[in-house]
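Working through the structure, step by step
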Amino acid sequence: MCEYKSLFRLREATDITISELETPHLYFSTPNAYKDKNDANIWGFIESDDNIYETFNKFLNDEGIKHLANRLRSIGICCFTTDIPIGKAKSKFLNWRKPICIEYDPVIVENTFAKNKNGIVPFHVGAVSYHNEPLIFEKDKESSWHILWEESEFGIMYKSLRSISLADREFDDLIRKMFTRLSNKYSYQKEVRFISRPLSETNSNIEGVKLYIPDKAIRRVLVHKSVDINSEFMRKLNSIPHLKNKIVYGW
């Protein structure tokens, strides 16, 4: 069961957001939609570094490389934060044009994710962990590449790629770790990620899919004061029946 009191998504005051609210849904993006190779575009990160790619190529056969590439390109990700943005987080958020913040019931969202009929197969739900050096791959003294597996107050544990089998549960753990680690500089985001298994087994270029959620999953819509209260966006927002008494203006 979800451990969070609320989940929040940061959006812009656009017709795309109106669509998300009129027919409530969450969009699961694939890594292809992420430009940052140090975030969710893991395959882009691997391909951009010859040493890392060759390490995968050495310890995974051709079938393994193909399987890994498909998993990393077509996995689905939906990002939330656990708090209404304040301080540094709010300052970053206000760089957006006409921002709003949607609050969701985490139990309803997680249950819908788990039991959905949209063809989205759940893989992981959990918080992002933040590290001084979030990259998974490090070199040891013998110059072989290893995976940063665990990091705690007691020290750091590494695993070798050669020890992980495609058929082993640890391969799923590897994928999960790849998508839930970020630099400490992003820790203010307090991010939670809902991650699906590949959205398509045949199309690695798919950009994402919608997860439809119940109206009652939306608790509040917080609209920043930079959005004109007499704007077309506000007219459309106020006309959505299931958002009655849930819109908070002037945040």
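Everything that follows concerns the structure shown earlier in this document.
Residues numbered from 1 in each chain as written. Predicted model: local features only at pLDDT ≥ 70, side-chain atom pairs only at ≥ 80, totals over all residues. Heavy atoms only, no water.

1. What about the overall build of the protein chain?
Tallying secondary structure elements over the protein chain gives 8 helices and 14 strands in all. Split into buried and exposed, the 251 residues of the protein chain put 48% on the buried side. Across the protein chain, every contact between residues at least 6 apart in sequence was considered, and the portion connecting residues at least 24 apart equals 79%. Accessible area of the protein chain: about 13,400 Å², with a carbon and sulfur share of 47%. (Helix = DSSP H or I, 4+ residues; strand = E, 2+ residues; numbered from the N terminus. Buried < 20%, exposed > 50% of the residue type's maximum accessible area, 1.4 Å probe, protein only. Contact = heavy atoms within 4.5 Å. Areas by Shrake-Rupley, 256 points an atom, 1.4 Å probe, with all protein chains shown as cover.)

2. Brief notes about unusual backbone geometry
As a rule of thumb, non-glycine residues mostly have phi less than zero, and peptide bonds are mostly trans rather than cis. In the Ramachandran plot, Lys190 falls in the positive-phi region, its phi being about 45° despite a non-glycine side chain. With respect to the secondary-structure elements, Lys190 resides in the loop between β10 (181-183) and β11 (191-196).

3. What about helix α6 (residues 106-115)?
Among the residues of α6, those classed as buried are Pro106, Ile108, Val109, Thr112 and Phe113. Down the axis, α6 shows its buried residues gathered within 165° of arc, on one side only. Opposite the buried face of α6, by more than 90 degrees, sit the exposed residues Ala114 and Lys115. Of the residues flanking the start of α6, the one acting as N-cap is Asp105, its side-chain oxygen 2.9 Å from the backbone nitrogen of Val107. (Arc of directions from axis to C-beta. Polar contact = N/O pair within 3.5 Å; in protein donor to acceptor, adjacent residues only side chain to side chain.)

4. Considering helix α1 (residues 15-22)
Owing to its 3.6 residues per turn, the α-helix aligns residues three or four sequence positions apart on the same side. Residues of α1 that are buried: Thr17, Ile18, Glu20 and Leu21. Along the axis of α1, the buried residues cluster in a sector spanning 160°; they form a single face. Seen from the buried face of α1, the exposed residues on the opposite side, beyond 90 degrees, are Asp15 and Ile16.

5. Quick word on the nonpolar core
Formed by 33 residues in total, the largest nonpolar core has its most connected members in Leu26, Phe28, Phe194 and Leu237. With residues near it in sequence (within four places) discarded, Leu26 still touches Arg9, Cys78, Phe80, Tyr104, Val109, Val209, Lys210, Leu211 and Ile213. Of all hydrophobic cores here, the second largest spans 14 residues; its members include Phe123, Leu174, Met178 and Ile195. (Core = buried A, V, L, I, M, F, W, Y, C linked by side-chain atoms within 4.5 Å.)

6. Overview of the environment of Arg193
Tracing the sequence through the fold places Arg193 in strand β11. Sequence separation of Arg193 and Cys79 is 114 residues, and the distance between their C-alpha atoms is 4.7 Å. Side-chain polar atoms of Arg193 contact the backbone oxygen of Phe179, separated by 2.8 Å.

7. Notes on the pattern of salt bridges
A side chain of one charge can pair with a side chain of the opposite charge when the charged atoms of the two come close. Counted according to the given criterion, the structure contains 11 salt bridges. Between Lys190 and Asp83 there is a salt bridge, with the nearest N and O atoms lying 3.0 Å from each other. A residue pair is termed long-range when its members are at least 10 positions apart, and Lys190 in the loop between β10 and β11 and Asp83 in the loop between β3 (76-81) and α5 (87-93) qualify at 107 residues. For Lys190, a relative accessible area of 43% puts it in the partly exposed group. Of the charged contacts in the structure, one is a salt bridge between Glu232 and Arg235, with a shortest N-O distance of 2.6 Å. Residue Glu232 and its partner Arg235 are located together in helix α8 (residues 232-238), separated by 3 residues, close to a single helical turn. On the basis of relative accessible area, Glu232 is assigned to the partly exposed category, the value being 43%. Taking relative accessible area as the criterion, Arg235 reaches 48% and is therefore assigned partly exposed. Three or more residues are tied together by salt bridges with common partners; here these are Glu103, Asp105, Arg219 and Arg220. (Salt bridge = Lys/Arg side-chain N within 4 Å of Asp/Glu carboxyl O.)

The analysis is restricted to geometry; functional conclusions fall outside its scope.
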